[in-house]
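# Observations on the three-dimensional arrangement
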Amino acid sequence: MNVAVIGLQFGDEGKGKIVDFLSKDFDIIARFSGGSNAGHSVVHDGKKFKLHLIPSGVLRGKIGVLGNGMVVDLEALKGEVEILLSEGIEPKLVISSRAHVVTSFHREVEVMEDELIGIGTTRRGIGPTYETKAKRVGLRMGDLFYEDMIFKRLELMTKLWGIYDDERVRREARKLHALALEFKESVKNTELWLNAAMDSGKSVLFEGSQAVLLDIDFGTYPYVTSSNTIVGGICTGLGVSPRRIHRVIGVMKPYMTRVGSGPFPTEIFGEYARELREKGGEYGATTGRPRRVGWLDMPLLRYATLVGAVDEIALTKVDVIYGMKNVPVAWEYRCSGENNTYPPYNFEECEPVYREYGGWDSIEDEEFREFISMIEGETGARVKLVSYGADRENTRIID
Ligand code: IMP
C-alpha cells in the first residue's frame, strides 16, 4: 500500500511530523515537488530537525527519494546531510538524474525579480529553476557529471537573463561539478528505480511539500509556488502511475497560516493574532518569517480536499486551541448578495460568513468531536489522525 501526504492549506500544516509518524510502516519516502523552500520540522530523539530537501522519513533510517519533479540545491542538500551525519544519522538517498538544479544564478534572479513581483517567496531559487526547466535551458542533476554541459547550460540561461559573466559561470560550473561528484552514487533514474522497488513489494510514502492552496494551478495564483503540489504532482514528479497511489492523507490545522503575500480572507490581526502565532510557534521553518494567522476557511478546505483527492485527514496542532472559548470558522463566502460554499475566483468581491464552534481543552472534549464531525461532514474525508504537540507521542490514530 502506497500513501500520499499533502498539505491542505498554505503549507506549514505539520506534514513533516505526520510523515515522520507514518514512515515507520513504509520502506521508501519519496518527494515529488519543490525544493529547499519546504521546511519540515521533526522532533527525533528529543532533538528538533529542520529538513528542507531530505524527506523526513530518513530520520528513521528509511530510503529518501528526491524525484524528478523537485528542484535540487546541492549546497543546501550537502548542508543537511552534514547536520544529519553530525547527529549520527546516515541518510540513504536516491536522487533523480532528471531533477533540475538550483544554482546561485537562480537564487540571485529570484531576489531581483521578487522585489518587483512581490510574492514574498522563500528566495531559495525555486521559481527561476522551474522557469529555466519550462524554458528548456535548465540544468539537470545528470548534466552535472559533464563540466562542459554545465558551462553551456549556465551560459545560455545567464545570457537569456542578461547576467552572463564568463568567469563566474566557469567558477559555478566547477563548483557544481565537484558537488555532484560527492552525490554520484545516489543519482539514479528514479522512475525506473522506484517502479522496480514497488514491483518487488516495497511500500512508498509520498511526501508532499507546500500545499494545495500554493499549487501553481489550483492555488491562489499568482501567490503560489512554482510546482504542482497536489497528488497529480506525484505522477509527473516521480514517474508513478496514479493507480499506485492507494490513499491520500490531507494535513490541516484547525486554524490557518500563510507566509508571504496573497489572499487570506480569514486573516486576523492585533493582540489575538500575536497570541495565536506565539502559541502555535508560527514562524517560517525556512525563513523564520512570522506567519500570518487566521481562522479556518471551509470553502477553501472543501476545495482543497476536492482537488487534492483526499481520502483521510490528519488534523494537527489541535492543542493550540486549548483554552479558547470559541473557534470561529468561515463557513461560506457572500459574493454579490449570494452565499457560496466554494471559494470565489476573486476574493476581493466577497466576504467570509462565520460560524462559531466551541473551543476545547483536550482531544477528549465533546466540542472537539463536534469539530471533527463538522470537517468530516463537509469534506467527505475521515479524520484519522490527530496531533496535539510536537513530540511523536502526541499523535493519536482515530478508528
Ligand atoms: P517559493 O516556493 O519560494 O517560490 O514561494 C512562493 C510562495 O509559497 C511564498 O508565498 C512562500 O512563502 C510560499 N511557500 C513556499 N514554500 C512554503 C512552505 O514550505 N511553507 C509555507 N509557505 C511556503
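## Section: the packing of aromatic side chains
- Under the counting rule described, the total for this entry stands at 6 aromatic pairs.
- When the ring of Tyr-333 is compared with that of Phe-347, the centres are 5.8 Å apart and the planes differ by 70°; the resulting orientation is edge-to-face. In this pair, Tyr-333 sits in strand S16 (residues 326-335) while Phe-347 sits in the loop between strand S17 (338-340) and strand S18 (350-358), placing the two residues 14 residues apart along the sequence.
- Assessed through its relative accessible area of 15%, Phe-347 is described here as buried.
- Seen in terms of ring centroids, Trp-360 and Phe-371 are 4.9 Å apart; in terms of plane orientation they differ by 55°. Their pairing is tilted. Of this pair, Trp-360 sits in the loop between S18 and helix H11 (366-379) while Phe-371 sits in helix H11, and the two are 11 residues apart along the sequence. Pair check on accessibility: Trp-360 and Phe-371 agree, each one buried.
- What links up through ring pairs into an aromatic cluster is the set Tyr-357, Trp-360, Phe-368 and Phe-371.
- Its guanidinium or amino end placed over the ring of Tyr-164, Lys-159 lies 4.8 Å from that ring's centre, counting from NZ or CZ.
- We note Lys-184 situated over the ring of Phe-145; from NZ or CZ to the ring centre the distance is 5.2 Å.

## Overview of the pattern of salt bridges
- In the structure shown here, the tally under the stated rule is 28 salt bridges.
- The salt bridge partner of Glu-267 is Arg-292, with a shortest N-O separation of 2.8 Å. Of the two residues, Glu-267 is situated in strand S13 (residues 267-268) and Arg-292 in strand S14 (residues 292-297); the sequence distance between them amounts to 25 residues. Each member of the pair Glu-267 and Arg-292 is classed as buried.
- Through salt bridges with shared partners, a single ionic network connects Asp-12, Lys-253, Glu-282, Arg-291 and Lys-317.

## Here's the deal with the site of the ligand
- Surveying the vicinity of the ligand reveals 16 residues, the closest of which are Asp-12, Asn-37, Thr-122, Thr-225 and Val-259.
- Between an oxygen atom of the ligand and a side-chain N or O atom of Asn-37, the distance comes to 2.8 Å.
- Separating a nitrogen atom of the ligand from a side-chain N or O atom of Gln-210 is a distance of 3.1 Å.
- Coverage of the ligand by the protein amounts to 96% of the 470 Å² it exposes when considered alone.
- In terms of residue class, the shell around the ligand is built from 6 nonpolar, 8 polar and 2 charged.

## Looking at the pairing of strand S11 (residues 247-252)
- Here S11 lies mainly inside the structure; 5 of its 6 residues are buried.
- Sheet topology note: the S11/strand S15 (residues 312-315) ladder contains 4 bridges and is parallel. If you follow Val-251 over to S15, its bridge partner there is Ala-314.

## So, helix H7 (residues 190-199)
- Among the residues making up H7, those that are buried are Thr-190, Glu-191, Leu-194, Asn-195, Ala-197 and Met-198. Around the axis of H7, the buried residues are gathered within 155° of arc, so they sit on the same side. Of the exposed residues in H7, the ones pointing more than 90 degrees away from its buried face are Leu-192 and Asp-199.
- Lining the buried residues of H7 we find strand S2 (28-31), strand S5 (63-66), strand S7 (92-96), strand S9 (187-188), strand S10 (204-207) and helix H8 (232-238).
- In the stretch just after H7, Gly-201 is the one whose phi turns positive, near 95°.

Quick notes on the rules
- Residues numbered from 1 in each chain as written.
- Predicted model: local features only at pLDDT ≥ 70, side-chain atom pairs only at ≥ 80, totals over all residues.
- Heavy atoms only, no water.
- Phe/Tyr/Trp six-rings, centres within 6.5 Å; stacked < 30°, edge-to-face > 60°.
- Helix = DSSP H or I, 4+ residues; strand = E, 2+ residues; numbered from the N terminus.
- Buried < 20%, exposed > 50% of the residue type's maximum accessible area, 1.4 Å probe, protein only.
- Lys NZ or Arg CZ within 6 Å of the ring centre and 35° of its normal.
- Salt bridge = Lys/Arg side-chain N within 4 Å of Asp/Glu carboxyl O.
- Near = heavy atom within 4 Å.
- Polar contact = N/O pair within 3.5 Å; in protein donor to acceptor, adjacent residues only side chain to side chain.
- Areas by Shrake-Rupley, 256 points an atom, 1.4 Å probe, with all protein chains shown as cover.
- Nonpolar A, V, L, I, M, F, W, Y, C, P; charged D, E, K, R; others polar.
- Pairing = 2+ DSSP bridges.
- Arc of directions from axis to C-beta.
- Contact = heavy atoms within 4.5 Å.

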